[in-house]
Amino acid sequence: MSAGAPPLSGPAKPQAKALNCPKCGAAITLRSFGQAETVVCGSCHSILDAKDRNLAILQQFEIKTSDIRPLIPLGTRGKLRDTDYEVIGFERRSSKVDGITYYWHEYVLFNPYKGIRYLSEYNGHWNDISICKQLPMADGSSANYLGEIYKHFQTSDADTDFVLGEFPWQVRVGEHAAVTDYVHPPRVLSSEKLDKEVTWSIGEYMYGGEVWEAFRLPGAPPEPVGVFENQPSPVTTNVAGAWVAFTAFAVFLLALMVGFDMRAKKEPVLHETYQYHRAESRGETSFVSDVFELAGHTSTVEVKTFAPVSNHWIYLNYALINQDTGQAWDFGREVSYYSGYDSDGSWAEGKRNDAVVIPSVPPGHYYLRIEPEADPSLPSIAYTVEVTHDVPVFGIYGIAFLALLAPVVIISFRAYTFERSRWSESDHPPMELSNMSSSSGDDA
Amino acid sequence: MTQPAANCPNCGAKIVFRWSSSVQTVCEFCKSILVRTDVDLKKVGQVADLPPDSSPVQINTEGQYGNKAFVVVGRILYEYDQGGWNEWHVMLNDGTSAWLSDAQSEYALSLSSKAQNLPAVAQVHVGQQFTWRDQRYTVSVITPAHYRGVEGELPFQYWDKTDVTFVDLRTECGKFATLDYSDPEPALYLGEFVEFDALKLKNLRSFEGW
């Protein structure tokens, strides 16, 4: 339809403009092809009207320190979101909270087709920022942007105290704006109120390394200090999800336990009470029990010992012996119980009963060989030995349970401490912290 | 469709209208502002040199809006205290005329819309809400602007303006509206913000070094 359109007599290809500062004569490059409103002379710090052919001086400011230097030099090009951007402006801003001044830096990025973006840096934490095209809905405690809820983090006054290069708005040193941040890591939604105009921007957290890579900067980025308001948590696992998974496993384990408990025969095969007499125990004291049968399949055998000792011990050397094959399981069990009174009151130690489970005993005819030893001061005692075939073993479930619980607890703890560090810097510090600080603007 | 053609009454150059409903155009050679009458073209004014411009869009830039192709046929250039912006007059391939506004590379596409009881400029304030076509719009900024110049074809006469007020309204869903107080009767434009990449623009200007 537009075929055969007449040739264009359009303007020449725009070029970066080289001019001189009307104040000090230093060279000034206008990199944004006329998008800039103001440009700041790098040598005398005059703020100049970039729209004016003669670069009229709008403001001059004094710098108190000489160490304010952009980490990314003006004119550097880098690739962000698959688009080339050139750094055309830099400003330092400050905010006073509870008597402490915080400084952060903002970089103006330019692409002639895609327009302006911003990068901000605070203590080694970076954000890739653009102006919101949609209008967020905000109340005091939260904001909704594109259907996502952002929590109010902080409201503070931001001053501009150092500027360099080009800005697409009328920048002035000393100007202050009311800045409100709402966070939904890794994003931050900010409203900036200057006079009557409110500008909303949306930022996404960037690591220093990503910025260094994007702009191919030499050296290493500054190490980030602390946790930033919208820094993504290192705990990438969904904590609630981990608990749900853990609960599901725990229920599964419980079901297994119940199932195996119901399947276990728990068959009593021996129940005897024996007498121990010290007077008789010179020489060989061992004896054997009646023979009992372990029927069915290879399974567990539980041996329980009960002795009504009081401030004594009795030690039993057991051997479970297969009458058919001679295979033997040797084990020793001690039963002891001590109690008394001291300056702290009454105390007790040990137990009068003992239980042990022997795993994987094949079926067959068995007997126990028992060799008792006892406290020399114990003249005689009656003790009971009880053998049960095929008992469920629950210890393994406990280990499994703890093995599953430990990582979930660790994840939860790490997530909690990270979020605590994040919010301790906000207008809504966690409880314990807000109690300690004198001022608290908590409206949560 | 045949393209109506005529000659510039000032310099005699051939004037081709790409859009049959164009009311006004600017002669590419002598910069005369020409208005169509029933019989011929009448010179009504002259465009001063337009200031250097940073828009990547130009007359004849082609693009895509939804499933419709468009071509840029004209523009109005405005200035305000924070810079300038372009209202590019585009012709969609279904014959409708629309506006692609480019304010520091923030792009929005809007169409002239009819609505009853548009507010007078003195009655509008920031934060005020209006509902048009079941969509609620909030006044985000009121811009006193300065008419700076025109280029190409326009759907109406627009050349003797000085100061004009624009009211921008936004929504929570990317829709956008403008109230244009260029004329005694306010004009409403409804549209939406569009991503540069989504417009699939061709025939853009090139920038030295980019």
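Remember, predicted model here, so these are calculated numbers, not experimental data.

(A) Layout of the overall build of chain A. Within chain A, the secondary structure is distributed over four helices and 26 strands. In terms of overall dimensions, chain A is more spread out than a globule: its C-alpha atoms have a radius of gyration of 40 Å, far above the 22 Å expected for 444 residues. On the principal axes, the C-alpha backbone points of chain A span a range of 120 × 70 × 45 Å. Within the span of chain A, comprising 444 residues, buried residues form 25% of the whole.

(B) Main features of the interface of chain A and chain B. Contact residues are listed per partner, giving 31 residues for chain A and 35 residues for chain B. Each residue belonging to the side of chain A that touches chain B can be placed in one class, and the counts come to 15 nonpolar, 10 polar and six charged.

(C) Spatial organisation of the domain arrangement of chain A. As assigned here, chain A comprises domain 1 (17–214), domain 2 (239–259 + 396–436) and domain 3 (265–391). For domain 1 of chain A and domain 3 of chain A, the distance between their C-alpha centroids amounts to 81 Å.

(D) Quick peek at the environment of serine 142 of chain A. All names here are of chain A. Of note, serine 142 is situated in strand S12 (residues 142–145). Under the C-beta neighbour-count criterion, serine 142 is labelled partly exposed, with 15 such atoms within 10 Å. Between the C-alpha atoms of serine 142 and valine 183, which are 41 residues apart in sequence, the distance is 8.7 Å. In contact with serine 142, other than residues within four places in its own chain, are Ile149, Tyr150, Lys151, His152 and Tyr182.

(E) Inspection of the sheet that holds strand S5 (residues 41–46) of chain B at higher detail. All names here are of chain B. Ordered by their spatial adjacency, three strands build an open sheet running S3-S4-S5, and the pairing between neighbours is antiparallel. The open sheet has two edge strands with one neighbour each: strand S3 (24–26) and S5. For this sheet, the mean angle separating the axes of adjacent strands, direction not counted, is 30°. Direction of pairing for strand S4 (residues 32–36) relative to S5: antiparallel, over a ladder of five bridges. By the bridge assignment, leucine 34 is partnered in S5 with lysine 43.

(F) Representation of the sheet that holds strand S20 (residues 299–306) of chain A in the model. All names here are of chain A. Strand order in the open sheet formed by four strands is S17-S26-S20-S24, with antiparallel pairing between adjacent strands. Two strands bound the open sheet, and with one partner strand each, they are strand S17 (267–277) and strand S24 (353–361). Between one strand and the next, the sheet's axes are offset by a mean angle of 15°, whatever the strand orientation. Pairing between S20 and S24: seven bridges, direction antiparallel. Within S24, the residue paired with valine 301 across the bridge is isoleucine 358.

(G) Highlighting unusual backbone geometry. All names here are of chain A. Of note, the amide linkage connecting proline 185 to proline 186 takes the cis form, showing an omega dihedral of 5°. Locating proline 186 in the fold gives a position in the loop between strand S14 (176–184) and strand S15 (187–194). The phi angle at histidine 45 is positive, at roughly 60°, despite the residue not being glycine. Tracing the chain through its elements places histidine 45 in the loop between strand S3 (38–40) and strand S4 (46–49). The class of histidine 45 is partly exposed, set by 19 C-beta atoms lying within 10 Å. The phi angle at arginine 216 is positive, at roughly 45°, despite the residue not being glycine. Relative to the elements of secondary structure, arginine 216 occurs in the loop between helix H1 (208–214) and helix H2 (239–263).

(H) Molecular detail of the confidence of the model for chain B. Residue and element names in this part refer to chain B. Residue-level pLDDT values for chain B average 89, and 98% of them are 70 or greater. Summarising per-element confidence for chain B, the mean pLDDT is lowest in strand S1 (residues 5–7) (82) and highest in strand S6 (residues 62–65) (95). Scored as a complex, the prediction yields pTM 0.73 and ipTM 0.80.

(I) Fine view of the environment of leucine 256 of chain A. Positionally, leucine 256 of chain A belongs in helix H2. Overall, leucine 256 of chain A belongs to the partly exposed group, with 13 C-beta atoms counted inside 10 Å.

(J) Quick peek at the pairing of S4 of chain B. Residue and element names in this part refer to chain B. Both S3 and S4 contribute to a ladder of three bridges, which runs antiparallel. Its bridge partner lying in S4, threonine 25 is registered against leucine 34. What sits between the antiparallel neighbours S3 and S4 is a turn of five residues, in which lysine 31 has the positive phi angle 60°. Counting the residues in the hairpin turn of S4 and S5 gives four residues.

(K) Inspection of the pairing of strand S13 (residues 148–167) of chain A at higher detail. Residues and elements named next belong to chain A. When S3 meets S13, the two strands line up antiparallel, connected through three bridges. Within the sheet, the bridge partner assigned to valine 40 lies in S13 and is glycine 165. Of the pairings in the sheet, the one linking strand S7 (residues 83–97) to S13 comprises seven bridges and is antiparallel in character. What sits directly across from glycine 89, in S13, is glycine 165. A loop of two residues connects S12 with S13, the two strands running antiparallel in sequence, and leucine 146 in this loop sits at a positive phi of about 55°. Judged from the eight bridges that link them, S13 and S14 form a sheet pairing that is antiparallel. Its bridge partner being in S14, aspartate 157 is matched across the sheet by alanine 178.

The rules behind these values
- Residues numbered from 1 in each chain as written.
- Chains lettered and ligands numbered in written order.
- Predicted model: local features only at pLDDT ≥ 70, side-chain atom pairs only at ≥ 80, totals over all residues.
- Helix = DSSP H or I, 4+ residues; strand = E, 2+ residues; numbered from the N terminus.
- Rg over C-alpha atoms; globule rule 2.2 N^0.38 Å.
- Buried ≥ 20, exposed ≤ 12 C-beta atoms within 10 Å, placed from the backbone.
- Contact = placed C-beta atoms within 7 Å.
- Nonpolar A, V, L, I, M, F, W, Y, C, P; charged D, E, K, R; others polar.
- Domains from an automatic or database assignment.
- Pairing = 2+ DSSP bridges.
- Axes fitted to C-alpha atoms, helices over the stretch in contact; angles between N-to-C directions.
- pLDDT = per-residue confidence, 0-100.

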